Amino acid sequence: MAQTTRPSTTSMWFVEGPDDMTPCPVVDDCAAEDEDNQMWLVSAPKPGSVTRTVSDLGVEPVSRGSANTSTHKNKRRRVDGKNMRSSSANAVTSAATLKESAAASSSSSSSSSSLSSDADATAEASDLPPLRHIDSSKPVRLALIGATGLVGRACAQHIAQHPEMGYKIAFFVGSALSVDKAMSEVAAEKEGKLKAHYGDEFWQAEEPDPSLSEALVCDVDALLAAGPEQCDVVLSFLAPRFGHLEDTMVSAGFRVVSISPHKRMDHPLVVPAVNGTGVEWSKLRCIKSPNCCSVGSTTALLPLVDMFTVKEISITTFQTLSGRGDALYPAEKVVGNVYPIGATEEKTEIYIANEVARIYSDHPKGKHITPEAIHVSAYRVYVQKNHLLDVRVKVEETLPLGCAESMLAAIYGQVKYAGEVVVTTEVGQPRPKSHVEPNKITVGNFDISPAEGGGSLIRVSVIVDNVAKGAWGNAIDITTAIVNAVNETKKA
């Protein structure tokens, strides 16, 4: 549905289905209407104009009755064109200085587009080996760099349990301490340390898939020796201090998909469901996935950015301990506690503000979504996984206050967002432990209030699985898009 900038006095209207084309404003009891009706959410007609049909309004139907009926299983779909799913900071450096510096870096690298970069242009013009074709008639061969870390182990586990995805892990790359060990052995050791540190009853470890007992860890030299001929895509789960290994992979002719902060703003930064349209997947040597909170935030913001004129965004994160990987916080800081991380060496607040702005830089309605308009506060909480995000969005439109739940549930419940979003209207939801679809976000706890200075303030609570959606999950979505694009290019 086409959206244009509107004055702050603009209202939003529901339009009844085919039997009644008369525009009618949203009222307080709209949630009590027949749940089988289809409703259309549109901007109110201008004074003196006449709107007679839904086609005149150019709107899409919203099925309100299906908002909470998602039954998709926790599986990523097989790779094919038809089924693709839609060191540390100096202690004396202030957070403000860091944000200013990072914002400048973000602005310079994304001023033209979030989907292209000077780094990739330089790579294509150099003497790098040509990118190889990917044969999707066979399982796509992956190399996991950082395979023995928390995200790498989770990715390996999921792929082992879901061969229908069409992926095969050819290389499990780890540090010298893990080389020649089985992935299952490494998992037992590292999960054991996490349980011992945070508590046996608190930290729940999944039993490794039996196939991982035969999966041996190798070093990066083994992957380099094999070359791109033996690996279709490299998934990098490296810490920033090891990011130079990604540069080595790119120089050697590998396709790299990375969740590492290393040079994140020097390459295309993509959440496929949000800004994947227009990406030249088959031509890129390195694509970056943003911070896990940025994945959840940008996904949750999309229906609102599509529908309204967003002016300002505030995000408060309640990030779980698994978001820190295998790094162990001092127990007294986090066990049974909440730990503010804004002033620590963790740059989460800076990452989120810059990445959300970068990802929306190409959106037709994203001109106001700049790092300066995004305010982030980050906290670490004593929960194992599934981050909670409190997202508050100031929009230019004046929205009705009496039916925030039904209106926002209708917006998020549209079919075009169904592959990414689960909607809940249950009181007290969403919560980390009740999040049941790891490859989607869950939204709820909706509210609308008047915004200072005019317009409206929308509140949405969001749960994102920081590992299965925010980390390796988005990397796999990117990889799927690459594989499909490469094969479509060959057909053409």
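None of the values given here were measured: they were computed from a predicted structure. (Residues numbered from 1 in each chain as written. Predicted model: local features only at pLDDT ≥ 70, side-chain atom pairs only at ≥ 80, totals over all residues. Heavy atoms only, no water.)

Asker: Explanation requested: the environment of Trp472 in the structure shown.
Answerer: Mapped onto the elements of the fold, Trp472 is located in helix 13 (residues 472-491). Taking the C-alpha atoms as reference points, Trp472 and Val257, 215 residues apart in sequence, are found 9.9 Å from one another. (Helix = DSSP H or I, 4+ residues; strand = E, 2+ residues; numbered from the N terminus.)

Asker: Help me out: how do you make sense of helix 4 (residues 150-161) in this one?
Answerer: Because an α-helix completes one turn every 3.6 residues, residues spaced three or four positions apart along the sequence face the same direction. Spanning twelve residues, helix 4 covers 17 Å between terminal C-alpha atoms, matching the ideal 16 Å at 1.5 Å per step. Counting buried residues in helix 4 gives nine out of twelve residues, a clear majority hidden from the surface. Listed as buried for helix 4 are Leu150, Val151, Gly152, Arg153, Cys155, Ala156, Gln157, His158 and Ile159. Where helix 4 is buried, its residues touch strand 5 (140-145), strand 6 (167-173), helix 5 (183-198), strand 8 (233-236) and helix 13. (Expected span 1.5 Å × (residues − 1). Buried < 20%, exposed > 50% of the residue type's maximum accessible area, 1.4 Å probe, protein only. Contact = heavy atoms within 4.5 Å.)

Asker: Explain the sheet that holds strand 8 to me, please; I cannot follow it from the model alone.
Answerer: Neighbouring strands of a sheet are bound in pairs by backbone hydrogen bonds; such pairs are parallel or else antiparallel. Judged by pairing direction, the sheet is parallel, and its six strands sit side by side in the order 7-6-5-8-9-10 without closing on themselves. Looking at which strands have only one partner, the edges of the open sheet turn out to be strand 7 (217-218) and strand 10 (286-288). Sheet topology note: the strand 5/strand 8 ladder contains four bridges and is parallel. Among the inter-strand pairings, Ala143 is bridged to a residue of strand 8, identified as Val234. In the packing of helix 7 (residues 244-251) onto the sheet, contacts are made with strand 5, strand 8, strand 9 (256-258) and strand 10, and the angle to strand 9 comes to roughly 160 degrees. (Pairing = 2+ DSSP bridges. Axes fitted to C-alpha atoms, helices over the stretch in contact; angles between N-to-C directions.)

Asker: Can you walk me through the sheet that holds strand 12 (residues 338-340) in this structure?
Answerer: Strand order in the open sheet formed by seven strands is 12-13-11-14-17-16-15, and the pairing between neighbours is mixed. For this open sheet the edge positions go to strand 12 and strand 15 (421-423), each flanked by a neighbour on one side alone. Taking each pair of neighbouring strands and ignoring which way they run, the sheet shows an average axis angle of 25 degrees. The sheet contact formed by strand 15 and strand 16 (residues 441-450) spans three bridges and is parallel. Its bridge partner lying in strand 16, Val421 is registered against Ile441. Contacting strand 11 (310-319), strand 14 (387-395), strand 15, strand 16 and strand 17 (456-464), helix 9 (residues 292-307) crosses the sheet at an angle of about 35 degrees to strand 14. Sheet contacts for helix 11 (residues 348-359): strand 11 and strand 13 (374-381); angle to strand 13, the most-contacted strand, approximately 135 degrees.

Asker: Can you help me understand the packing of aromatic side chains in this one?
Answerer: For any pair of aromatic rings, geometry is given as the distance between the ring centres together with the angle between the planes. Here the structure, examined in full by the defined rule, presents seven aromatic pairs. When the centroid spacing of 4.0 Å and the interplanar angle of 10 degrees are considered together, the rings of Phe202 and Tyr382 count as stacked. Taken together, the residues span a long stretch of sequence, with Phe202 in the loop between helix 5 and strand 7 and Tyr382 in the loop between strand 13 and strand 14 at a distance of 180 residues. Ring centres of Phe318 and Tyr379 lie 6.0 Å apart, and the angle between their planes is 15 degrees; on these two criteria the pair is classed as stacked. Taken together, the positions of Phe318 in strand 11 and Tyr379 in strand 13 put the pair 61 residues apart, joining distant regions of the chain. (Phe/Tyr/Trp six-rings, centres within 6.5 Å; stacked < 30°, edge-to-face > 60°.)

Asker: Can you help me understand the state of the cysteines in this one?
Answerer: In a disulfide, the sulfur atoms of two cysteines are covalently bonded to one another. Enumeration over the complete set of coordinates arrives at zero disulfides. The closest cysteine sulfur to the non-disulfide-bonded Cys292 is located on Cys293, 4.5 Å from its own sulfur. (Disulfide = S-S within 2.5 Å.)

Asker: Please explain the confidence of the model for the protein as it appears in this structure.
Answerer: When pLDDT drops low, the exact placement of atoms in the prediction is not to be read closely. Confidence along the protein averages 81 in pLDDT terms, with 74% of residues attaining 70 or more. In the predicted structure, residues 1-112 sits below a pLDDT of 50 and forms 211 contacts with residues beyond four places in sequence or in another chain. (pLDDT = per-residue confidence, 0-100.)

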